[in-house]
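Residue strings, one per chain:
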Amino acid sequence: MEFTIEKIPVWAMCYLVNGDYSGITDEDKAMADEWWERNNVVSVSPAPDDDGSSHPYFTHYPAFGLASDVIDCTVMAM
């Protein structure tokens, strides 16, 4: 297994972490699914800071999609 820290868009967190895609469009779901499959992802979980919290921030270069607010996440891939 390989572990990396990736910038995951905030809008995709409920889907990637909990499997709940009720708040995203079919196109956004397809984009997240394509990223998941292309990278052989097994799991995604927020990477907490020293205080145990995760803080969203803006970036032009998320793991997938357009520039957006992201959360650093630990991604486990095969």
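For clarity, every value in this text was computed on a predicted model and none was experimentally measured. (Residues numbered from 1 in each chain as written. Predicted model: local features only at pLDDT ≥ 70, side-chain atom pairs only at ≥ 80, totals over all residues. Heavy atoms only, no water.)

Okay, the nonpolar core next. Counting 14 residues, the largest nonpolar core has Ile 8, Leu 16, Trp 35, Val 44, Phe 64, Cys 73 and Val 75 as its most contacted members. Those elements that place two or more of their residues in this core are helix H1 (13–18), helix H2 (26–38), strand E2 (41–46) and strand E4 (68–77). (Core = buried A, V, L, I, M, F, W, Y, C linked by side-chain atoms within 4.5 Å. Buried < 20%, exposed > 50% of the residue type's maximum accessible area, 1.4 Å probe, protein only. Helix = DSSP H or I, 4+ residues; strand = E, 2+ residues; numbered from the N terminus.)

Below, the discussion takes up the environment of Asp 72. Mapping Asp 72 onto the fold places it in strand E4. When the C-alpha positions of Asp 72 and Gly 52 are compared, they lie 13 Å apart, and in sequence the two are 20 residues distant. Once you skip the residues sitting within four places of it in the chain, Asp 72 turns out to touch Ile 5, Glu 6, Lys 7, Pro 46, Ala 47 and Tyr 57. At a separation of 2.5 Å, a polar atom in the side chain of Asp 72 contacts the side chain of Tyr 57. (Contact = heavy atoms within 4.5 Å. Polar contact = N/O pair within 3.5 Å; in protein donor to acceptor, adjacent residues only side chain to side chain.)

For residues other than glycine, phi is negative in most cases, and the peptide bonds are mostly trans. Of note in the backbone geometry, Asn 40 takes a positive phi value of approximately 50 degrees without being a glycine. Looking at where Asn 40 falls in the secondary structure, it is placed in the loop between H2 and E2. Among the residues examined, Asn 40 registers a relative accessible area of 45% and is labelled partly exposed.

Once that is clear, we can look at the pattern of salt bridges. Side-chain pairs of opposite charge can arise whenever the charged atoms involved come near each other. According to the stated counting rule, one finds two salt bridges in the structure shown. The residue Asp 33 makes a salt bridge to Lys 29 at a minimum N-O spacing of 3.0 Å. Of this pair, Asp 33 and Lys 29 both sit in helix H2, separated by four residues, roughly a single helical turn. The closest approach of N and O atoms between Arg 38 and Glu 34, which form a salt bridge, is 2.6 Å. Here the residue Arg 38 and the residue Glu 34 both occupy positions in helix H2, the gap between them amounting to four residues, near one helical turn. (Salt bridge = Lys/Arg side-chain N within 4 Å of Asp/Glu carboxyl O.)

Turning our attention to the pairing of E4. With seven of its ten residues buried, E4 lies for the most part within the structure. The sheet contact formed by strand E1 (residues 2–9) and E4 spans eight bridges and is antiparallel. Paired with Pro 9 across the strands is Val 70, a residue of E4. Two elements, E2 and E4, share five bridges in a ladder whose sense is antiparallel. Its bridge partner lying in E4, Val 44 is registered against Val 75. Bridge analysis of strand E3 (residues 57–59) against E4 gives three bridges, and the strand direction is antiparallel. The residue bridging Thr 59 from the neighbouring strand is Ser 68, located in E4. (Pairing = 2+ DSSP bridges.)

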